[in-house]
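Overview (structure and organization)
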Amino acid sequence: MDHKKIKSRERVATYGEVFTSEKEVAAMLDLVESQTKRIEATFLEPSCGDGAFLSEILKRKLGIVKNIYQKSKYDYERYSILALSTLYGVELLPDNVQNCRERLFSIWDSEYLKLAGNSFDEDCRKAASFILKKNILLGDALTLRTPDGGPIIFAEWSLISGTKFKRRDYDLHELIESSSNQLDLFDQDLEFDPEARTFIPKPIREYPITDLKELYLND
Ligand SMILES: C[S@@+](CC[C@H](N)C(=O)[O-])C[C@H]1O[C@@H](n2cnc3c(N)ncnc32)[C@H](O)[C@@H]1O
């Protein structure tokens, strides 16, 4: 069923809150179809509302994970978690942040439960919900700040081997700076990567390589 496009006239007037319909989302994502089918391709939906785009991308990615890995619960778990971990959102209104996290969790979880049946692993579900807590954040997509004026910190999740993930935290402001052409050569937080021949942002924090089922222990 399609979501309601508008919650209230006040919210439309104050926040420009009009949600994109599923049909429009699907048509727009068809334009970047090959990316939506890459399990590890990252997506950021700024002003994500309740995640119209992220939820459709997640469905498409999980379709691919299911096609390839449905015979192995082990592989399905690690690749479906990887797919989920590539989706990022920033949103100004707390209820939308909550709705977005819940919507994405429910898509991931219903597919997982269908596949795993009674042998589902509660720690894997905890990992999914923890990753969403870190990836869908309350903040202003224009100033790139949280409501208390702090930086918006996103976690990058890399699947290293087996079910082990590496987490590195980055300041969204620096990520956006480093992807623009206007580089400040004296910016101490960017490092020149001779192989990629570009400046890359340094993580503000790195975590030890951790099994996906224990990710939530490092809050
Ligand atoms: C037009 S809606 C789009 C929502 C969603 N991306 C979609 O396509 O359905 C705009 C969203 O941006 C949020 N918003 C407004 N100003 C914002 C800001 N400065 N930073 C982050 N989100 C903002 C609103 O609360 C609303 O959820």
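This text follows the structure it describes.
All of these numbers come straight from a predicted model, not from anything done at the bench.

**Focus: the sheet that holds strand β3 (residues 136-138)**
- In spatial order, the strands read β1-β2-β3; together these three strands make up an open sheet with parallel pairing. A single partner strand is all that each edge strand has here, and the edge strands are β1 (43-46) and β3. Looking at each pair of strands side by side, their axes are set apart by 15° on average, direction ignored.

**A short note on the packing of helix α4 (residues 52-69) against helix α5 (residues 73-85)**
- Taken N-terminus to C-terminus, the directions of α4 and α5 make an angle of 160°; their axes are 10 Å apart at the nearest point. What the angle tells us is that α4 and α5 run roughly antiparallel. In the crossing of α4 with α5, the sense of the turn from one axis to the other is right-handed. Touching L58, K61, L62, V65, K66 and Y69 of α4 are D75, Y76, Y79, S80, A83 and L84, all from α5.
- Its residues assigned to classes, the contact of α4 with α5 comprises eight nonpolar, one polar and three charged.

**Side note on empty space enclosed by the protein**
- One pass over the structure, following the stated rule, counts one cavity of 30 Å³ or more.
- Estimates place the volume of the largest cavity at around 50 Å³.
- Considered class by class, the residues forming the lining of the largest cavity number six nonpolar, two polar and one charged.

**Some words on the pattern of salt bridges**
- Per the counting criterion, the structure on display carries 24 salt bridges.
- Residues E17 and R11 are paired through a salt bridge, measuring 2.6 Å at the closest nitrogen-oxygen approach.
- Among the residues examined, E17 registers a relative accessible area of 6% and is labelled buried.
- Overall, R11 belongs to the buried group, its relative accessible area being 18%.
- Close ionic contact of K114 with E111 constitutes a salt bridge, the shortest N to O distance being 2.9 Å. Placement of the pair is K114 and E111 together in helix α6 (residues 94-116), with a separation of three residues, close to one helical turn.
- What makes K114 exposed here is its relative accessible area of 61%.
- One salt-bridge network, in which partners are shared between bridges, spans K7, R11, E17 and D95.

**Considerations on the nonpolar core**
- L54, L58, I81, W108, I136 and W157 are the most contacted members of the largest nonpolar core, which has 48 residues in total.
- Of all the secondary structure elements, the ones that give two or more residues to this core are α2 (22-30), α4, α5, β2 (87-91), α6, α7 (122-135), β3 and β4 (153-161).
- Counting residues per element, this core draws most heavily on α4, which supplies nine residues.
- Not counting the four nearest positions on each side in its chain, I81 is found in contact with W108, C124, A127, A128, I131, F165 and L212.

**Quick notes on the pairing of β1**
- Where burial is concerned, the two faces of β1 differ: the one with F43 and E45 is buried and the one with L44 and P46 is not.
- Two elements, β1 and β2, share four bridges in a ladder whose sense is parallel. Across the sheet, L44 pairs through a bridge with Y88, a residue of β2.

Rules behind the numbers
- Residues numbered from 1 in each chain as written.
- Predicted model: local features only at pLDDT ≥ 70, side-chain atom pairs only at ≥ 80, totals over all residues.
- Heavy atoms only, no water.
- Pairing = 2+ DSSP bridges.
- Helix = DSSP H or I, 4+ residues; strand = E, 2+ residues; numbered from the N terminus.
- Axes fitted to C-alpha atoms, helices over the stretch in contact; angles between N-to-C directions.
- Parallel < 35°, antiparallel > 145°, perpendicular 65-115°, else oblique.
- Left-handed = near helix turned anticlockwise from the far one by under 90°.
- Contact = heavy atoms within 4.5 Å.
- Nonpolar A, V, L, I, M, F, W, Y, C, P; charged D, E, K, R; others polar.
- 1 Å grid on protein atoms, 1.4 Å probe; cavity = no way out; pocket = protein on both sides within 12 Å on 5 of 7 lines; lining within 4 Å.
- Points joined across faces, edges and corners; volume = space filled by probe spheres on them.
- Salt bridge = Lys/Arg side-chain N within 4 Å of Asp/Glu carboxyl O.
- Buried < 20%, exposed > 50% of the residue type's maximum accessible area, 1.4 Å probe, protein only.
- Core = buried A, V, L, I, M, F, W, Y, C linked by side-chain atoms within 4.5 Å.

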